[in-house]
Amino acid sequence: MSAKDRLPHEKGFHISWDQIHRDSRALAWRLDGQGPDDGAWRAVVAITRGGMAPAMIVSRELDIRTVDTISVRSYHHQAQGEAEVLKAPDAELMGDGEGILIIDDLVDSGKTLELVRAMYPKAHFATVYAKPKGRPMVDTFITEVSQDTWIFFPWDMALQYVEPYRGTD
Ligand SMILES: O=P(O)(O)OC[C@H]1O[C@H](OP(=O)(O)OP(=O)(O)O)[C@H](O)[C@@H]1O
Ligand code: HPA
Ligand SMILES: [Mg+2]
């Protein structure tokens, strides 16, 4: 199967480690001082697995030491199924979500955030990237891409040889 066969989306947006680091830092700076308690956030919660690297960078930038995870699975490869919670964060920490910063790598259809929002309605939802359909579900994001773009994250990619533009003999 060629790479093209595996990619039904028209456009690919390939993100390097450097780029996700810069964009996650930009997200952290935007969120700084925006918490409900004198601007402070009580905790960072990563939506695993994609939210873990951005959440680590945000918690480092904002010096937040309390970090938890919620595991939501909604995609099998590039096909979306029903979103389900596989692991919830600490209930006592979370409450109704007030003062909690919930981080994911991106919002696409918005299904994942819709599910998590229903659980923690007062939390603040932040993603690094957003597609138009999911935008209403996210409070803060850095970069928007079109709905027909598939975002490739660095943890899903590897450096590899490509043929020269003019080909070889
Ligand atoms: O807005 P949505 O349409 O719900 O899509 C966005 C979600 O999909 C991806 O996660 P996925 O469920 O593939 O799991 P992963 O983070 O473990 O890769 C991505 O990391 C977001 O969490
Ligand atoms: O564009 C995407 N890229 C990676 N994972 C995703 N999960 C939903 N949409 C995407
Ligand atoms: Mg995810």
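Residues numbered from 1 in each chain as written. Chains lettered and ligands numbered in written order. Predicted model: local features only at pLDDT ≥ 70, side-chain atom pairs only at ≥ 80, totals over all residues. Heavy atoms only, no water.

Time to look at the side chain of T149. Structurally, the position occupied by T149 is in strand β8 (residues 149-152). Residue classification places T149 among the buried positions, given a relative accessible area of 6%. A polar contact of 2.9 Å, which involves the side chain of T149, links it to the side chain of S146. The residues contacting T149, other than those within four sequence positions of it, are K11, G12, F13 and K131. (Helix = DSSP H or I, 4+ residues; strand = E, 2+ residues; numbered from the N terminus. Buried < 20%, exposed > 50% of the residue type's maximum accessible area, 1.4 Å probe, protein only. Polar contact = N/O pair within 3.5 Å; in protein donor to acceptor, adjacent residues only side chain to side chain. Contact = heavy atoms within 4.5 Å.)

A few words now on the site of ligand 1. In the region of ligand 1, 16 residues are neighbours, and R49, D104, D105, S109 and T112 sit closest. The contact in question runs from an oxygen atom of ligand 1 to an N or O atom on the side chain of D104, over 2.5 Å. With respect to ligand 1, the backbone of D108 contributes an N or O atom lying 2.8 Å from an oxygen atom. Elements represented by at least two residues in the shell around ligand 1 include exactly β3 (67-76), β5 (100-107) and α5 (111-119). (Near = heavy atom within 4 Å.)

So, about helix α3 (residues 52-61). All of the buried residues along α3 are P54, A55, I57, V58 and S59. Among the residues trailing α3, D63 stands out with phi positive, at a value near 55°.

With that settled, consider the packing of aromatic side chains. One pass over the structure, following the stated rule, counts 4 aromatic pairs. Look at Y129 and F153: their rings are 6.1 Å apart centre to centre, the planes differ by 45°, and that puts the pair in the tilted class. Here Y129, found in strand β6 (residues 124-130), pairs with F153, found in the segment after β8; they are 24 residues apart in sequence, far enough to count as distant. The pair formed by Y129 and F153 is uniform in burial state, with each residue classed as buried. Taking the centre distance of 5.0 Å and the plane angle of 0° together, the rings of F153 and W155 count as stacked. Using a relative accessible area of 4% as the deciding quantity, one classes F153 as buried. Put simply, the rings of F13, W17, Y129, F153 and W155 touch in pairs and so form one group of aromatic residues. (Phe/Tyr/Trp six-rings, centres within 6.5 Å; stacked < 30°, edge-to-face > 60°.)

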